[in-house]
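Observations on chain architecture
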Amino acid sequence: MPKSEPVLGIIPARYASSRFPGKPLVDLCGKPMIQRVWEQAMKARSLDLVAVATDDRRIAQVVASFGGLAVMTPSSCVSGTDRIAVAARKLGMKARGIVVNIQGDEPLLPPAMIDQLVGMFKRKGTLMATLQRPLGKGEYLDPNCVKVVTDKSGNALYFSRAAIPHRRDPADTLANVGLHVGLYAYQAAFLQKLAKLKPTPLERLEKLEQLRVLENGYSIAVGSSRGASVAVDTPADAAKVRRLIKRGA
């Protein structure tokens, strides 16, 4: 990755949520969640600019109030990838540079994980990258935990909610598998191409958007990380994060 290559971090944020409406603005010990995510992203040394991509004026106003940059995107965007692709175009990152998709519901995301992800583009030919971490107790069998299996070069072979790879002998040690961490980075031009691809059969089956990349014959580089975060999907998750913040996490 050339040193002159700009790196943009984008945090997609929607107000509407079936499980947790208004989630980006939920208060986490005196700050809205979107601010805590933005502050963590701003600590990453590899990012030249951080922006929030949203379709809601309330979120945009809050972002402006703490000094962040908000980019308005259409409510018709069906995924976070579509939303960041629109925002990247608006910010002039259509043909060159790296775009990092930072999940808007992980207020404790370690900045070092963003830097690790961006560093993976030093490998020539990398179009898209993501991270994995070791599987914890019970996560292998949990369909809410997405597993990623990689090849010898560290590229993704498959992502699944199922327990993969299957062990015919329960005594065997799992190999080349980790828990997928939903943090992505793309070559800017590839992101625009990806946003134009139609949903694919395996993607629909597993409800995993990253499978669209593999089904279309592209590679996803997977880095191994020991870092961990806490996703806020429900009010109970928000309460857990508040406890962690109070403990100094």
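Residues numbered from 1 in each chain as written. Predicted model: local features only at pLDDT ≥ 70, side-chain atom pairs only at ≥ 80, totals over all residues. Heavy atoms only, no water.

1. Points about the nonpolar core
Keep this limit in mind: Grouping buried Ala, Val, Leu, Ile, Met, Phe, Trp, Tyr and Cys residues that are joined through side-chain atoms within 4.5 Å yields what is termed a nonpolar core. When a residue's accessible area, from a 1.4 Å probe over protein chains only, is under 20% of the maximum for its type it is buried; when over 50% it is exposed; and in between it is partly exposed. Where helices and strands are cited, they refer to DSSP runs of H or I of at least four residues and of E of at least two residues respectively, numbered from the N terminus. When checking whether two residues touch, look at their non-hydrogen atoms; a contact exists if any pair is within 4.5 Å.
Counting residues in hydrophobic clusters, the biggest one holds 41 residues, and the most contacted among them are Ile11, Leu47, Val100, Ile102, Ile114, Leu117 and Leu183. Broken down by element, this core gets its largest block of residues, 5 residues, from helix α1 (residues 33–42). Val100 has contacts with Val7, Leu8, Gly9, Ile10, Leu47, Ile114, Leu117, Val118, Leu183, Tyr184 and Ala185, leaving out every residue within four places of it along the chain. Core analysis: the next-biggest nonpolar cluster, separate from the first, contains 28 residues, Ile84, Tyr184, Phe190 and Val213 among them.

2. Considering the pattern of salt bridges
Stated formally: For this analysis, a salt bridge means a side-chain nitrogen from Lys or Arg found within 4 Å of a carboxyl oxygen belonging to Asp or Glu.
Per the counting criterion, the structure on display carries 8 salt bridges. Between Arg133 and Glu139 there is a salt bridge; the shortest N-O distance is 2.9 Å. Residue classification places Glu139 among the buried residues on the basis of a relative accessible area of 15%.

3. Thoughts on the environment of Ala64
With respect to the helices and strands, the residue Ala64 is situated in helix α2 (residues 57–65). With 134 residues separating them in the primary sequence, Ala64 and Lys198 have C-alpha atoms 34 Å apart.

4. Brief notes about α2
So the rule is basically this: What the arc covers is the set of directions going from the helix axis to the C-beta atoms.
Among the residues of α2, Ile59, Ala60 and Val63 are the ones counted as buried. With its buried residues spanning 100° around the axis, α2 presents them on a single face. Projecting away from the buried face of α2 at angles above 90 degrees are the exposed residues Arg57, Gln61, Ala64 and Ser65. Packing partners of the buried residues in α2 comprise β1 (7–13), α1, β4 (49–54) and β5 (70–72). Directly after α2, the chain includes Gly67, whose backbone phi takes a positive value near 90°.

5. Notes on the pairing of β1
Under the convention used in this document: For two strands to pair, DSSP has to find at least two bridges joining them.
Of all the 7 residues making up β1, 7 are buried; the element is thus mostly covered by neighbouring parts of the structure. In this structure, β1 lies alongside strand β6 (residues 98–101), joined through 4 bridges in parallel fashion. Across the sheet, the residue bridging to Val7 is Ile98, located in β6. One ladder, built from 6 bridges, connects β1 with β4; its direction is parallel. Within the sheet, the bridge partner assigned to Pro12 lies in β4 and is Ala53.

6. Topic: the packing of helix α3 (residues 80–90) against helix α5 (residues 188–196)
So the rule is basically this: Lines fitted to C-alpha atoms define the axes here, with helix axes fitted over just the stretch in contact, and angles between the N-to-C directions of these axes take values from 0 to 180 degrees. Here roughly perpendicular refers to angles of 65 to 115 degrees, roughly parallel to angles under 35, roughly antiparallel to angles over 145, and oblique to all remaining angles. Each crossing gets its hand from how the near helix is turned against the far one by less than a right angle, where anticlockwise is left-handed and clockwise is right-handed.
Look at α3 against α5: their axes get within 9 Å of each other, and the N-to-C directions meet at 135°. Taken together, α3 and α5 sit at an angle that is classed as oblique. Here the hand of the crossing between α3 and α5 comes out left-handed. Of the residues in α5, those touching α3 at Thr81, Asp82, Ile84, Ala85, Ala88 and Arg89 are Leu191, Gln192, Leu194 and Ala195.

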